[in-house]
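Structural description and commentary
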2 protein chains.
Amino acid sequence: MSFHQHIVNLNRHDLGRFRPFFVAERKVGWVRHRIAERLADFGSVFDVGSFGVALRPTLATPAQRTDAVAETLSVLRDEGLVPPPRHERYAVSATLSEAPLFELDRAHVPVFGVLSTGVHLNGYVQGPDGPRLWVARRADDRAVAPGKLDNLVAGGRSAGLSPRETLMKECDEEAGIDPGMAARARPAGLVSYCLEADLGLKRDTLFVYDLEVPESFAPVNRDGEIAAFMLWSVHAVLETLRDGDAFKFNVPLVILDFAVRQGILTPDSEPDYASLVHGLRRSLP
Amino acid sequence: MSFHQHIVNLNRHDLGRFRPFFVAERKVGWVRHRIAERLADFGSVFDVGSFGVALRPTLATPAQRTDAVAETLSVLRDEGLVPPPRHERYAVSATLSEAPLFELDRAHVPVFGVLSTGVHLNGYVQGPDGPRLWVARRADDRAVAPGKLDNLVAGGRSAGLSPRETLMKECDEEAGIDPGMAARARPAGLVSYCLEADLGLKRDTLFVYDLEVPESFAPVNRDGEIAAFMLWSVHAVLETLRDGDAFKFNVPLVILDFAVRQGILTPDSEPDYASLVHGLRRSLP
């Protein structure tokens, strides 16, 4: 599998299976047709047409919208149409720079195809032969990507937390990185993708951070998400990534972005360099 | 002027003023309608329709296409329709990873709206307060952007030169960076934009390199392009960039990309961070 194939795989979607979702006259997401048709039964909450779904303007405040959507989804959950809530609230906006219009349980973010954001940390040790990257192996009991390889630290961004606050929290929970060390993590850009999943549409932006850690550092997982940590040469990481799907589905973007920024992948050595680099930050529909 | 406004300014274009340009059944560029209409008079070279312009398939080899196009353009040049040649050949491909279909004088690249590539080098000194960036002031007698601020090294990529070979050549000519030091420049990604100019359409990809230079380094220009060099804090560079158009038109993308990768601009401090970062690498039409 080429590096570019990972990007292609992460951006598979057919918008023909969805209709746009509007809140306060802004397009904020995409809903599967069969979900949209069921939402039509909740006429006080949703206005459903063949070309779109909108929250009723009578739901005028974020709190009203949040409660009305959650109540509807609890009915759909009992019918098995949507997954159970994860009791973590995500903020819903038309664009990442706008104020939230309402909040949605993390489990239901793809159901409405709204924008979501997370943070991923490349933890690395700098050496004479280039960087070595910390790679995490996810626990086998995880709902998402059990047993897959992951970045040293990664996590979704809950409502009310900034990217840096999310990073600090996840550094502590996932890898036992103390606040002093975590504060040295450097924001280095973002990657993005739009993936169709069974649940709906994942339109994700991952804020990328780099943290150079000392040789003596050893990560300690505190929240049960990670079963083991390994320190690999960046070349071993890239070979493993190229050879299959050992990594959690969205981690290849973060690692390829690191390899591009570090000059490991170069325009002279990679014939697909330009499309590879463009592919790491797809514009989201 | 906001950072984002620089990106907006660099991507202004109206494709309604152009029609697509095809070679060997691949779309390789865009031609202004008024140029296309004149090309229709050269029926052995161009097949011109209202929806497109194509090189005749009888021009079967890159050399045949290169010669036929150059001959046509010398006529158009005498009529004042296109600028004089700069006697530097650029390779024309449908995508950056494909083999060249023919070669075009650098001056005529925007006339056909074909993809072009260049290299830009961020030369910096690392210090306790963050990086300081070398800034070049272009000579007042330059045809392009006289007197404007520029990166330490920048240049277009001629046919037959790889990105790194272009960089090495420009490092020597523009800043007197010896091959040993230039070889330490690290590829760090790319930026791209599509700008409508009087001449036509500029669809440019700039391969970005970073080079940390010692405090003792002093650039020396050898080709007359640069009148002076200054070493500024990255914050001074960003302030100057934000405040107006002191920089050559495409340099802000390279500097903003550097500031993002270095963690100077952050998702917590820049409300527009995601659209800013996406804007640095626009997909080209």
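Procedures and definitions
Along each chain, residue indices are assigned from 1 in the same order as the chain's sequence is written. Working convention: letters from A go to chains and numbers from 1 go to ligands, in the order in which they are written. Since the coordinates come from a predicted model, pLDDT governs what is reported: local features require at least 70, and pairs of side-chain atoms require 80 or more to be given and counted, while whole-chain, interface and lining totals use all residues. Hydrogens and water are ignored here; the side-chain numbers use all heavy atoms of the structure. Strands are runs of DSSP state E lasting at least two residues, helices are runs of H or I lasting at least four, and both sets are numbered from the N terminus onward. Our radius of gyration looks at C-alpha atoms and nothing else; its globule reference is 2.2 Å times the residue count to the power 0.38. For every residue, the accessible area (1.4 Å probe, protein chains only) is compared with the maximum for its type, and the residue is labelled buried under 20%, exposed over 50%, or partly exposed between those bounds. All accessibility values rest on the Shrake-Rupley procedure with a 1.4 Å probe; residue burial counts only the protein chains present in the view. Under this rule, positive means Lys or Arg and negative means Asp or Glu; His and the chain ends count for nothing. We put the charge of a Lys on NZ, of an Arg on CZ, of an Asp on CG and of a Glu on CD. Copies are brought into register by a least-squares superposition over C-alpha atoms of residues with pLDDT of at least 70 in both. Here, two residues are considered to be in contact whenever any of their heavy atoms come within 4.5 Å of each other. Two parts placed together each lose some accessible area; with a 1.4 Å probe, that loss summed over both constitutes the buried area. Whenever a nitrogen or oxygen atom comes within 3.5 Å of another N or O atom, the pair is scored as a polar contact, on the condition that within protein one atom can donate a hydrogen and the other can accept it, and that pairs from neighbouring residues in sequence are kept only if both atoms are in side chains. Note on pairing: DSSP must find at least two bridges between two strands before they are called paired. Under this scheme, a helix contributes an axis fitted over its contacting stretch, all axes are lines through C-alpha atoms, and angles between N-to-C directions fall in the 0 to 180 degree range. What a helix should span is 1.5 Å times the count of its residues minus one. UniProt positions are given in the numbering used here, feature names are shortened, and annotations may be inferred rather than shown by experiment. Roughly parallel refers to an angle under 35 degrees, roughly antiparallel to one over 145, roughly perpendicular to one between 65 and 115, and oblique to any angle outside these ranges. Less than a right angle of anticlockwise turn of the near helix away from the far helix marks a crossing as left-handed, whereas a clockwise turn marks it as right-handed. In this classification, Asp, Glu, Lys and Arg are treated as charged, Ala, Val, Leu, Ile, Met, Phe, Trp, Tyr, Cys and Pro as nonpolar, and every other residue, Gly included, as polar.

Under an unreviewed UniProt entry, the name given to chain A is NUDIX domain-containing protein, and the source organism is Rhodospira trueperi.

1. Things to note about the overall build of chain A
On a plain count of helices and strands, chain A comes out with 9 helices and 13 strands. Rg of the C-alpha trace for chain A: 20 Å, near the compact-globule value of 19 Å for 285 residues, within the 12% margin. Projected onto the principal axes, the alpha-carbon positions of chain A cover approximately 65 × 40 × 35 Å. Here chain A holds 285 residues, and 54% of them are scored as buried. Carbon and sulfur atoms make up 50% of the accessible area of chain A, which amounts to about 11700 Å² in all. The average position of the 32 basic charges and that of the 38 acidic charges among the side chains of chain A differ by 3 Å.

2. Some points on the relation of the copies chain B and chain A
Rotating chain B by 180° and translating it 0.0 Å along the rotation axis places it on chain A, where the RMSD comes to 0.0 Å. Expressed as an axis order, the relation between the two copies is that of a two-fold axis. Looking at the rotation axis and the C-alpha trace of chain B, the residue lying nearest is Arg261(B), at 3.8 Å. Of all interface residues in chain B, 100% are interface residues in chain A too; the two copies therefore contact each other through one and the same surface.

3. Here we look at the interface of chain B and chain A
Each partner contributes residues to the interface: chain B has 31 residues there, and chain A has 31 residues. Together, the buried faces of chain B and chain A total about 2500 Å²; carbon and sulfur atoms form 56% of this surface. At the junction of chain B with chain A, the criterion picks out 12 residue pairs in polar contact (both at pLDDT 80 or more). Secondary structure elements with two or more residues in the side of chain B that touches chain A: helix 4 (163-175), strand 11 (186-197), strand 12 (200-212), helix 7 (251-261) and helix 8 (273-279) of chain B.

4. Some details on the sheet that holds strand 2 (residues 26-32) of chain B
Residues and elements named next belong to chain B. The 4 strands lie next to each other as 2-1-4-3, forming an open sheet whose pairing is mixed. Bordering the open sheet on either side are strand 2 and strand 3 (46-49), each of which pairs with just one other strand. Within the sheet, the average angular offset between the axes of one strand and its neighbour, ignoring direction, is 25°. Bridge count between strand 1 (residues 18-23) and strand 4 (residues 52-55): 2 bridges; the pairing is parallel. Bridge pairing links Phe21 to Val53 in strand 4.

5. Examining the sheet that holds strand 1 (residues 18-23) of chain A
Residue and element names in this part refer to chain A. Read from one edge to the other, the open sheet built from 4 strands follows the order 2-1-4-3, with strand pairing classed as mixed. Unpaired on one side and paired on the other, strand 2 (26-32) and strand 3 (46-49) mark the two borders of the sheet. Taking each pair of neighbouring strands and ignoring which way they run, the sheet shows an average axis angle of 25°.

6. Focus: unusual backbone geometry
The residue Ala24(A) is not glycine, and still its phi comes out positive at about 50°. Turning to its location among the elements, Ala24(A) is positioned in the loop between strand 1 and strand 2. The backbone of His87(B) sits at a positive phi, close to 60°, despite the residue not being glycine. Given a relative accessible area of 72%, His87(B) falls into the exposed group.

7. Quick word on helix 5 (residues 163-175) of chain A
Residue and element names in this part refer to chain A. Taking 1.5 Å per residue, 13 residues should reach 18 Å; helix 5 reaches 17 Å between its end C-alpha atoms and fits that length. Those residues of helix 5 that are buried lie in contact with strand 7 (115-127), strand 10 (153-156), helix 6 (179-182), strand 12 (200-212) and strand 13 (226-233). One or two positions beyond helix 5, positive phi appears at Gly176, with a value near 60°.

8. Overview of the UniProt feature "domain: Nudix hydrolase" (unreviewed entry) in chain A
The positions that UniProt labels "domain: Nudix hydrolase" (unreviewed entry) are, in the present scheme, residues 106-257 of chain A. For residues 106-257 of chain A, the helix share is 25%, the strand share is 41%, and the end-to-end C-alpha distance is 26 Å.

9. Section: the packing of helix 7 (residues 234-243) of chain A against helix 8 (residues 251-261) of chain A
Residue and element names in this part refer to chain A. One way to put it is that helix 7 packs onto helix 8 with a least axis distance of 11 Å and a crossing angle of 140°. The pairing of helix 7 with helix 8 is recorded here as oblique in orientation. The two elements helix 7 and helix 8 cross, and the hand of that crossing is left-handed. Contacts between helix 7 and helix 8 pair Val234, Val237, Leu238 and Leu241 from the former with Pro252, Ile255, Leu256, Phe258 and Ala259 from the latter. Class assignment for the residues of the contact of helix 7 with helix 8 results in 9 nonpolar, no polar and no charged.

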